[in-house]
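Given next are the chains, with one letter for each unit.
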Amino acid sequence: MSVASPGRHKTFASFAAHLAEAAPTLAADEAVAGARGALGQTLELGWASVENRWAIHPMEGWDGTTDGRPTDWTLRRWRKFGESGAGLVWGGEAYAVDPAGRANPNQLAFFDAERTREDLARLLAEVHAGRTEAGLDPSGVVVGLQLTHSGRHSRPEGKKVPLLAARVPWLDAHTGVAADARVLSDEDLQALVPRFVAVARLAQEVGFAFVDVKACHGYLMHELLGARGRSGRFGGDFVGRTRLLLEVIAAIQEACPGLGIGSRLCLGDLAPHTAPEAGAPGRPIEVPLPLEHGWAMDLADPRRMDPGEPLRLVGELVERGVRLINATVGTPYTCPHVQRPAAYPPFDGYGPPEDPLTSLERQVALTREVKRAHPQAVVVGTGYSYLQEWAPHVAQAEVAGGGADLVGLGRMVLSYPRMPLDSLRGRPLERKRICRTFSDCTNGPRSGLRSGCAPLDPDYFELAEALRVRKAALRSGRRD
Ligand SMILES: Cc1cc2nc3c(=O)[nH]c(=O)nc-3n(C[C@H](O)[C@H](O)[C@H](O)COP(=O)(O)O)c2cc1C
Ligand code: SF4
């Protein structure tokens, strides 16, 4: 389907009219009030104070060394996170607690305590250096580290080596999982707990304010949440399926008093989507109903999300003192249109089955539900890069209305790191740097290359060239 991308609207009135039609429950403020407005307000977490309501989402670059360490590209990205002026850097990027649980050979990972300590200290120092470069107090930002295990999507040496929470025939077929793929035993899962704790402890030692125990985007912890057919301690009913997440959190709390803990959590999911040819509108695949596996989706009709269990889980987390929730939906592997709405889908993907503003509206609605059900939770909203120049207008309205405490930016920070700072300082946005959701930062990794904003960040010239060649090959039918 063809829809006007938000950046095409030259006036607020024109954007607001489109928003009213495609996403009527979303609000946008005509005037962005900068630091005096809702986005400039301080937020007290109890254990830290966040100086404004912008957050930077974790953004991996597929650019570490093959032994899990940051390169200059990685360090540059973290410096840009600092330059953004956002009050909270949520996670930096997904850090694998186990080398076997890397989603690609260039993911940052815990091989060895000494090296991890050194690497985490360097990454944090880059955030602070970025703040200094932007004329900000280096210590004025709250920085967390995202802890992950890629589970089904593990590719530690490049080829798929899935480590499953459960066998799910329709999902195995969709994600290309072979019949002999390994299902992690309860002992395997239990053995991961000390690895989460070890990295959390190192993060705390070098000065990170919190860790995020990632439970979204199709990776191990998310898959376990839906593992209804799994027997043993870590599957079956709600208590079994949430057990590993809660045990990891309890173990970190015990080992690292004073360290903040959050979770990037899947609030809603849909059946995988596909299209007859790349770029055609996506449609849900046929799945056997009712589903016997799944989290946050309506098991009788997985074209719909069901936030019932996620809301219950947020309640459990809040009760345990884990108030920081980064709200996200779907997975980039099965339904990218809901996870990261885009005007231009990844080149091996499907076209948007709906106006991407509608996809964003769904994500925002779930975020509001968390705030309504659990007002003590501190919630970060996701998906706003799709809004382009109108992101501050919607973000300000959403925070002022209490639908989210902070608004996170993912793709936008790759193309235009200082966007939050410019918006807080009341400066006009630099239109040429605004992320247009071209998806090249996804196309890079899907082509075995590193990520980065190839179209708008001149330092990624070589990546842009490589992607041009790849696109031409795809267009000519010669897939390489
Ligand atoms: C290149 C790229 C890397 C990403 N890396 C991570 C990651 O390491 N951890 C994570 O939780 N999400 C990751 N995401 C998802 C983003 O954090 C974010 O949820 C998504 O892009 C939607 O937000 P946006 O509209 O502001 O981009 C990544 C997305 C992209 C495009
Ligand atoms: S490549 Fe750049 S413009 Fe495209 S989606 Fe990523 S950050 Fe945005």
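A brief report on the enclosed structure follows. One numbering rule holds for all chains: residues counted from 1, following each sequence as written. The lettering of chains begins at A and the numbering of ligands begins at 1, in the order of writing. In view of the model being predicted, local features appear only for residues whose pLDDT reaches at least 70, and side-chain atom pairs are presented and counted only at 80 or more, with totals across whole chains, interfaces and linings using the full set of residues. Computation of side-chain values covers all heavy atoms of the structure but excludes hydrogens and water.

## Remarks on the overall build of the chain
Strands here are runs of E lasting at least two residues and helices are runs of H or I lasting at least four, both read from the DSSP assignment and numbered beginning at the N terminus. Scanning the chain from terminus to terminus reveals 15 helices and 15 strands. If you line up the chain on its principal axes, its C-alpha atoms span 55 × 50 × 45 Å. Contacts were defined at the residue level, with two residues in contact if any of their heavy atoms lie within 4.5 Å. The contacts of the chain with a sequence gap of at least 6 include a subset with a gap of at least 24, amounting to 72%. Surface summary for the chain: the accessible area is close to 17900 Å², and the carbon and sulfur share equals 52%. The charged-residue count follows a simple rule in which Lys and Arg add positive charge and Asp and Glu add negative charge, with His and chain termini not counted at all. Taken as the charge centre is NZ of Lys, CZ of Arg, CG of Asp or CD of Glu, depending on the residue. On the chain, the mean spot of the 56 positive side-chain charges and the mean spot of the 57 negative ones are 3 Å from each other. Using a 1.4 Å probe, accessible areas were evaluated by the Shrake-Rupley method; residue-level cover was limited to the displayed protein chains.

## Some remarks on the site of ligand 2
What surrounds ligand 2 is the set R411, L414, C435, R436, T437, F438, S439, D440, C441, C453, P455 and L456. Of all the secondary-structure elements, those providing two or more residues to the shell around ligand 2 are α12 (411-415) and α14 (440-446). The class makeup of the residues in the shell around ligand 2 is 7 nonpolar, 2 polar and 3 charged. Just so you know, the domain bounds were taken from an automatic or database domain assignment. Counting residues domain by domain, the shell around ligand 2 receives three or more from each of domain 1 (25-437) and domain 2 (439-480). Nearness here has a simple test: a residue counts as near a molecule or strand if at least one of its heavy atoms is within 4 Å of that partner. Under the grouping applied here, Gly and all other residues not named as nonpolar or charged are polar, the nonpolar ones being Ala, Val, Leu, Ile, Met, Phe, Trp, Tyr, Cys and Pro and the charged ones Asp, Glu, Lys and Arg.

## Some details on the packing of aromatic side chains
Each pair of aromatic rings is reported with the distance of its centres and the angle of its planes. When two rings of Phe, Tyr or Trp (its six-membered ring) have centres within 6.5 Å they constitute a pair, described as stacked for plane angles under 30 degrees, edge-to-face for angles over 60, and tilted for the intermediate range. Following the criterion strictly, the structure yields 9 aromatic pairs and no others. Ring geometry for W78 versus F81: centroids 6.0 Å apart, planes at 50 degrees, classification tilted. Note that W78 and F81 are positioned in helix α2 (residues 72-83) at a spacing of 3 residues, about one turn of the helix. By the burial criterion, W78 is buried, and F81 matches it. In this scheme, a residue with accessible area under 20% of its type's maximum is buried, one over 50% is exposed, and one in between is partly exposed, where area comes from a 1.4 Å probe on protein chains only.

## Regarding the nonpolar core
Think of a nonpolar core as a cluster: buried Ala, Val, Leu, Ile, Met, Phe, Trp, Tyr and Cys residues, connected wherever their side-chain atoms sit within 4.5 Å. Of all hydrophobic cores here, the largest spans 109 residues; its most connected members are L145 and I252. Broken down by element, this core gets its largest block of residues, 10 residues, from helix α5 (residues 186-206). Once residues within four sequence positions are removed from consideration, I252 is found in contact with L147, F196, V197, A200, V211, V213, L259 and I261. In terms of nonpolar packing, the next biggest core, distinct from the first, is built from 13 residues, W90, V142, V380 and L406 among them.

## Some details on empty space enclosed by the protein
Residues are called lining when one of their atoms sits within 4 Å of a cavity or pocket point, these points coming from a 1 Å grid over the protein atoms alone, where a cavity is a set in which a 1.4 Å probe fits but cannot get out and a pocket is an open set with protein on both sides within 12 Å along at least five of seven lines. Grid points are joined across faces, edges and corners, and a volume is the space filled by probe spheres set on the points. In total, this model carries 4 cavities of 30 Å³ or more according to the counting rule given. Around the largest cavity sit 20 residues that line it, and L171, H222, D269, H293 and T331 are the ones nearest its centre. Elements represented by at least two residues in the lining of the largest cavity include exactly α4 (169-174) and α6 (220-225). Each residue belonging to the lining of the largest cavity can be placed in one class, and the counts come to 8 nonpolar, 9 polar and 3 charged.

## Looking at the packing of α2 against helix α3 (residues 113-133)
To describe two helices that pack against each other, one gives the angle between their axes and the distance between the axes. Under this scheme, a helix contributes an axis fitted over its contacting stretch, all axes are lines through C-alpha atoms, and angles between N-to-C directions fall in the 0 to 180 degree range. Viewed as axis vectors pointing N to C, α2 and α3 meet at an angle of 45 degrees, and their least axial separation amounts to 6 Å. Our classification of the angle between α2 and α3 gives oblique. Crossing hand, α2 versus α3: right-handed. Residue-level inspection shows T74, L75, W78, R79, G82 and E83 of α2 in contact with α3, the latter providing R122, L123, E126, V127, A129, G130, R131 and E133. Residue composition of the contact of α2 with α3, grouped by class: 5 nonpolar, 3 polar and 6 charged. Just so you know how the angles are binned, under 35 degrees is roughly parallel, over 145 roughly antiparallel, 65 to 115 roughly perpendicular, and the rest oblique. The handedness criterion is simple: a crossing whose near helix is rotated anticlockwise from the far helix by less than a right angle is left-handed, and one whose near helix is rotated clockwise is right-handed.

## Some details on the pattern of salt bridges
Any Lys or Arg side-chain nitrogen located within 4 Å of an Asp or Glu carboxyl oxygen qualifies as a salt bridge. A full pass over the atoms with the stated rule returns 35 salt bridges. We note a salt bridge from R69 to E118, for which the minimum N-O separation is 3.3 Å. Pair noted here: R69 is in the loop between β3 (54-56) and α2 and E118 is in helix α3, with a separation of 49 residues, a long-range link. Using a relative accessible area of 45% as the deciding quantity, one classes E118 as partly exposed. Residue E389 pairs with R431 through a salt bridge whose shortest N-O separation is 2.5 Å. You can see E389 sitting in the loop between β14 (378-381) and α11 (391-400) and its partner R431 sitting in the loop between α13 (419-424) and α14, a full 42 residues away along the chain. E389 gets classed as buried once you look at its relative accessible area, which sits at 8%. Residue R431 is classed as partly exposed on the basis of its relative accessible area of 43%. Bridged by salt links that share partners, the residues R152, R167, D172 and E223 form one connected network.

## Here we look at the pairing of strand β15 (residues 406-409)
One face of the sheet, then the other: side chains in a regular strand alternate in exactly this way. Alternating residues of β15 divide into L406 and G408 and V407 and L409, and every residue in both groups is buried. Here β3 runs beside β15; their pairing, made up of 3 bridges, is parallel. Pairing of W54 across the sheet is with V407, part of β15. For two strands to count as paired, DSSP must find a minimum of two bridges between them. When β14 meets β15, the two strands line up parallel, connected through 2 bridges. Looking across to β15, one finds that V380 is bridged to L406. Seen with its strands pointing away from the viewer, a crossover is right-handed if its path from the first strand over the helix to the second goes clockwise. With α11 bridging β14 and its parallel neighbour β15, the resulting β-α-β unit is right-handed.

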